[in-house]
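Architecture at a glance
Each chain, written out:
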Amino acid sequence: MTDLWQAALGDLETKVSAHNFESWFKNINFHHQDATTAHLEVADEFFKAWIEENYLDLIEESLRSVSGKPIGVVIGIRGAYSGADEPLGDTPGPQPPRGIQRADAQGDMFAPEGSEEDESVPARPIDFNQLVFDAGLNPRYTFDEFVVGPSNQFTHAACVSIARNPGKNYNPLFIFGGVGLGKTHLLHAVGIEILRKRPDARIVTLSSEEFMNQLITSLRQKDMNSFRDHFRDKCDVILIDDIQFIGGKDSTQEEFFHTFNALYHSGKQIVMTSDKSPKELPGVEERLRSRFSWGLIADVQPPEMETRLAILKKKAETDGIDLADDVGLLLAISVRSNVRELEGTLVRLGAQAEFMRTPITIEMAREYLTRMNFDQSRQITVDRIIALVSEKFGITSADIKGSRRTRAISEPRQLAMFLSRKHTDHSYPELGRKFGGKDHTTVLAACRKLERLLKENDATTISKVRDIEQLLER
Ligand code: ADP
Ligand code: MG
């Protein structure tokens, strides 16, 4: 690695969150550099698309600031230059994950080496559901049923990549985040997708508590061999939910440590979920904690407004619930904490409506939300401003929070920054963070610019500001 890249990394580390730095920048290799361009390498197409979409500007900015001259960046796939590493040949170039989109995992998973596309997918056995069930998987938790938005995009993409190529790129995958945010759903989706392409894959799905219970039973029955057999030898993919419960249980950790090593070293895919990042897991031995961080760590965040609305619409469609736009919007505005709660609200209202043989009315929804103590006030928050502005300009919240600087994005972004400063109590640095980790000077500059335009009576600016403010008051 050259000093230049090392210096740029040092600069980048101060500009992005520690977690993003660990997940992304540490996994970029410097390959070589010519007069104008730095050539970097990453593990696969998904990684490349993500970096290009989200961090290219930032990387170029850092390179410029440490070298004092403009340096372009080209990102390649690891092994593509030298041909030394295993080629990731048949992975088709993915769409960079952007905005709200339906998770669509059909099509290109697991194309075995040498084969073109999907032709070789084995005919789905008649008892596919049985297969899913036997593997301990919930058949509802598919990629198809998962709504992708900025809050879970990264983790979703990592899961798809793993289902495509288990044991290859990201091992282990460690997913963490608060309750009801889709961790278990994604974990199972990986298993189901692998089975879809390889019905003979041996998938073991369990929680860390189940692991512990089975361990205790085997110890009691003095049958450790079949326990080890089950987990170490008769398993291709292990999916462990809620690994945090392993904390403080020493003998479980000891056994899990050996299981982990055996699976890892034979190239078996390990996916874990947890409510905390490996660093924050209480009562977990250091050697396990460090192993949890060997592969990729991915978090899920509470969904943004747009994603909540998309989830509601999707669930309503799946469950055959008639959901009017205004009701959907009210629910998405009011139920913010997690998806499980959002889903629960819809299901309960749906049942009530069915019972009364009406669609869900806005009154019914309001009454329910009041009873359940959900805050329906249309508080002016930065997220709401961002949602409104992006909707108005036909872009996404992720665009506003991202780093692309085309006019179509930077103008709405500046407007949203100005309105956020005007209508909320956040400081410039706080706003910078809420706008995707930007510097406070960026926010300050945006506010100054809008103030100046308003002072100059710039008609377009005045009308844009007024339009959004009217929506905010509603
Ligand atoms: P966790 O394991 O993080 O506590 P779950 O995976 O159990 O959360 O998710 C809670 C519920 O919300 C499940 O019914 C799941 O299907 C649903 N859910 C969570 N995130 C999404 C999403 N992005 N799209 C669709 N459904 C989701
Ligand atoms: Mg869970």
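Provided above is the structure to which this section pertains.
Quick caveat, the model's predicted, so the values are computed rather than measured.

1. Notes on the overall build of the chain
- In terms of helices and strands, the chain carries 21 helices and 10 strands.
- Classification of the 474 residues of the chain by burial places 49% in the buried group.
- Split by element, the accessible area of the chain, about 22800 Å² in all, is 50% carbon and sulfur.

2. Comments concerning the packing of helix α8 (residues 208-220) against helix α10 (residues 250-265)
- In the contact formed by α8 and α10, the axes pass within 10 Å of each other and the chain directions differ by 100°. When the interaxial angle is binned, α8 and α10 end up roughly perpendicular. Here F211, M212 and L215 of α8 come into contact with α10, specifically with S251, T252, E255, F256 and T259.

3. Remarks on helix α13 (residues 325-334)
- Burial analysis of α13 places 7 of its 10 residues in the buried class, which makes it a mostly covered element.
- When we look at burial in α13, the residues that qualify are V327, G328, L330, L331, A332, I333 and S334.
- Buried-residue contacts for α13 involve α12 (305-319), α14 (339-355) and α15 (362-371).

4. Focus: the sheet that holds strand β3 (residues 72-77)
- Spatially, β1-β2-β3 is the arrangement adopted by the 3 strands of the open sheet, whose pairing is mixed. Looking at the sheet topology across the chains shown, the edges are occupied by β1 (29-33) and β3. When strand polarity is set aside, the average angle formed by the axes of neighbouring strands in this sheet is 30°.
- Where strand β2 (residues 37-42) lies against β3, 6 bridges are found, and the strand directions are parallel. Within β3, the position partnered with A38 by the bridge is V73.
- Each of β2 and β3 touches helix α4 (residues 56-67); the most contacted strand, β3, lies at about 125° to it.

5. Notes on α15
- Of all the positions in α15, only M364, A365, Y368 and L369 are classed as buried. Angular distribution of buried residues about the axis of α15 spans 130°; they occupy a single face of the element. Along α15, the residues that are exposed and aim more than 90 degrees away from the buried face are E363, T370 and R371.
- N373 occupies a position one or two residues after α15 and carries a positive phi of about 65°.

6. Considering empty space enclosed by the protein
- Applying the stated criterion across every chain, the model contains 2 cavities of 30 Å³ or more.
- Mapped by element, the contributors of at least two residues to the lining of the second largest cavity are α12, α16 (382-393) and α17 (397-401).
- Ranked by residues supplied to the lining of the second largest cavity, first place goes to α16 with 3 residues.
- Here the residues of the lining of the second largest cavity are counted per class, giving 3 nonpolar, 1 polar and 4 charged.

Conventions we followed
- Residues numbered from 1 in each chain as written.
- Chains lettered and ligands numbered in written order.
- Predicted model: local features only at pLDDT ≥ 70, side-chain atom pairs only at ≥ 80, totals over all residues.
- Heavy atoms only, no water.
- Helix = DSSP H or I, 4+ residues; strand = E, 2+ residues; numbered from the N terminus.
- Buried < 20%, exposed > 50% of the residue type's maximum accessible area, 1.4 Å probe, protein only.
- Areas by Shrake-Rupley, 256 points an atom, 1.4 Å probe, with all protein chains shown as cover.
- Axes fitted to C-alpha atoms, helices over the stretch in contact; angles between N-to-C directions.
- Parallel < 35°, antiparallel > 145°, perpendicular 65-115°, else oblique.
- Contact = heavy atoms within 4.5 Å.
- Pairing = 2+ DSSP bridges.
- Arc of directions from axis to C-beta.
- 1 Å grid on protein atoms, 1.4 Å probe; cavity = no way out; pocket = protein on both sides within 12 Å on 5 of 7 lines; lining within 4 Å.
- Points joined across faces, edges and corners; volume = space filled by probe spheres on them.
- Nonpolar A, V, L, I, M, F, W, Y, C, P; charged D, E, K, R; others polar.

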